[in-house]
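Overview (structure and organization)
Here is how the chains run, residue by residue.
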Amino acid sequence: MHEQHDVPLSTLTTMRVGGPASRVVTAETTDELVDAVREVDDADEPLLVVSGGSNLLVSDDGFEGTVVRIATSGITPESADYCGGAVVRVAAGEVWDDVVAHAVAQGWAGVEGLSGIPGLTGATPIQNVGAYGQDVSQTVAQVRTWDRQEQAVRTFMNADCAFTYRHSRFKGHSRYVVLDVVFQFEVADLSRPVAYAALAKGLGVELGTRVPLSDAREAVLEQRRARGMVLDDADPDTWSCGSFFTNPILSRHEFDDLVERVGERLG
Ligand SMILES: Cc1cc2nc3c(=O)[nH]c(=O)nc-3n(C[C@H](O)[C@H](O)[C@H](O)COP(=O)(O)OP(=O)(O)OC[C@H]3O[C@@H](n4cnc5c(N)ncnc54)[C@H](O)[C@@H]3O)c2cc1C
């Protein structure tokens, strides 16, 4: 664990904006992470957890409190067979796209569609990170957290994570610090069925087709690059802040209502 003072948060966020944090503690092990968070909470001081900084917009005034920066590591297979799949524990601090690349190389299917998403693994269950017809709720088996309210480690099985579209029980408050995530991947050389029309078109296949895992990853990266969605530190033209929209999901009643309102507007 190491500590720095008056660190510009612009150096820890992908948007490269943000004033200074009074104190930044970098946690390289899960024990250090828990200790750092517990120490701040015991002192009743403000805490900001920062992972990859790709979903954070920090004011130029900075942050008066402690930033705990997650830098833990470890991709640990717990079991792997064709029946139960590959059960793999990933530390919160692992770079998400490295995890996807590793899964593709190992023949673990289920996250290839999530290639190129910036940030670290611990942040993925929070907003149920998703793209190109996949989201992490499809492969997360467990999320192990530090519960700041109960001051205890608490593990949530997938069914208890309340995953919905870009949401989960972990979003919208800072009670839980994600320590690691257990994924259950399918052991396969082929991707999960392609579930996104533009991706199927790019691959030249029908929706629902399974393609080699590496082809799926490359096709997703190609789509993302074309939309300026793959960050490259060396290329300022890629310093995108991502999409700030979510696809609307309407009930039948809301949809009928919308169609009626559109009809009224069009006269
Ligand atoms: C170019 C670009 C493309 C993107 N594309 C997608 C996309 O396709 N799909 C998608 O879903 N999102 C996308 N995003 C959003 C972003 O990448 C995700 O939200 C990502 O999961 C954020 O991870 P991070 O590690 O950078 O989190 P940070 O920005 O560091 O943190 C985000 C929030 O989560 C909290 N947090 C982070 N880690 C933890 C933890 N371990 N425990 C508790 N709280 C934590 C932080 O306190 C903060 O409130 C994109 C963003 C950019 C900039």
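Up top is the structure these notes are about.
Scope of this entry: the structure provided in the associated data block. Quick caveat, the model's predicted, so the values are computed rather than measured.

1. Remarks on the pattern of salt bridges
The full count for this structure, using the stated rule, is 16 salt bridges. Of the charged contacts, one joins Arg-144 and Asp-180 as a salt bridge, the two residues approaching to 2.8 Å between their closest N and O atoms. Of this pair, Arg-144 sits in strand β10 (residues 140-147) while Asp-180 sits in strand β12 (residues 176-187); the two residues are 36 residues apart in sequence, bridging distant segments of the chain. Residue classification places Asp-180 among the buried residues on the basis of a relative accessible area of 5%. Among the ionic pairs, Glu-186 bridges to Arg-210, the shortest N-O distance being 2.9 Å.

2. Considerations on the site of the ligand
Taken together, the neighbourhood of the ligand is formed by 30 residues, with Val-49, Ser-51, Ser-54, Asn-55 and Gln-127 sitting nearest. Between a nitrogen atom of the ligand and a main-chain N or O atom of Gly-130, the distance comes to 2.8 Å. Here the ligand has 980 Å² of accessible area as a free molecule, and 88% of this is covered by the chains. Mapped by element, the contributors of at least two residues to the shell around the ligand are β3 (47-50), β8 (130-131) and β12. A total of three residues in the shell around the ligand trace back to one element, the largest contributor, which is β12.

3. Here's the deal with helix α5 (residues 252-266)
Helix length check: α5 (15 residues) gives 21 Å between terminal C-alpha atoms against 21 Å at 1.5 Å per residue, within 8%. Of the residues one or two after α5, Gly-267 is the one with positive phi, at around 75°.

4. Overview of the side chain of Arg-148
With respect to the secondary-structure elements, Arg-148 resides in the loop between β10 and β11 (152-157). You can call Arg-148 buried: its relative accessible area is 19%. In contact with Arg-148, other than residues within four places in its own chain, are Val-37, Asp-41, Leu-47, Ser-174, Arg-175 and Val-177.

5. Some points on the sheet that holds strand β4 (residues 63-70)
In spatial order, the strands read β1-β2-β4-β3; together these four strands make up an open sheet with mixed pairing. Edge positions in the sheet fall to β1 (2-8) and β3, since each of these pairs with one other strand and no more. On average, each strand axis in the sheet is tilted by 30° relative to the strand beside it, whichever way the strands run. Relative to β4, β3 runs parallel, the two sharing four bridges. Within the sheet, the bridge partner assigned to Leu-47 lies in β4 and is Thr-66. Contacting β2 (20-27), β3 and β4, helix α1 (residues 30-42) runs over the sheet at an angle of about 145° to β2.

6. Description of the nonpolar core
Membership of the largest hydrophobic core comes to 38 residues, with the highest contact counts inside it found for Trp-96, Val-111, Leu-114, Val-140, Val-143, Phe-183 and Phe-185. Elements with a contribution of two residues or more to this core: β6 (85-91), α2 (96-106), β7 (108-109), β10, β12, α3 (197-203) and α4 (213-226). The biggest single contributor to this core is β12, with six residues. When neighbours within four sequence positions are excluded, Val-143 is seen to be in contact with Pro-125, Arg-154, Thr-155, Phe-156, Cys-161, Phe-170, Val-178, Asp-180 and Val-181. Counting 14 residues, the second-largest nonpolar core is a separate cluster that includes Val-25, Val-34, Ala-36 and Val-177.

7. Looking at the environment of Val-95
Topologically, Val-95 is positioned in the loop between β6 and α2. A sequence separation of 144 residues divides Val-95 from Trp-239, and the C-alpha atoms of the two residues are 17 Å apart.

8. Some words on a nonpolar patch on the surface
Nonpolar side chains collect at one region of the surface, where Leu-250, Phe-255, Leu-258, Val-259, Val-262 and Leu-266 lie side by side and expose about 530 Å² of accessible area between them. With respect to the secondary-structure elements, Leu-266 resides in helix α5. Its relative accessible area of 72% is what places Leu-266 among the exposed residues.

About the criteria used
Residues numbered from 1 in each chain as written. Predicted model: local features only at pLDDT ≥ 70, side-chain atom pairs only at ≥ 80, totals over all residues. Heavy atoms only, no water. Salt bridge = Lys/Arg side-chain N within 4 Å of Asp/Glu carboxyl O. Helix = DSSP H or I, 4+ residues; strand = E, 2+ residues; numbered from the N terminus. Buried < 20%, exposed > 50% of the residue type's maximum accessible area, 1.4 Å probe, protein only. Near = heavy atom within 4 Å. Polar contact = N/O pair within 3.5 Å; in protein donor to acceptor, adjacent residues only side chain to side chain. Areas by Shrake-Rupley, 256 points an atom, 1.4 Å probe, with all protein chains shown as cover. Expected span 1.5 Å × (residues − 1). Contact = heavy atoms within 4.5 Å. Pairing = 2+ DSSP bridges. Axes fitted to C-alpha atoms, helices over the stretch in contact; angles between N-to-C directions. Core = buried A, V, L, I, M, F, W, Y, C linked by side-chain atoms within 4.5 Å. Patch = residues over 30% accessible without salt bridge, like charges linked within 9 Å, V, L, I, M, F, W, Y side chains within 5 Å.

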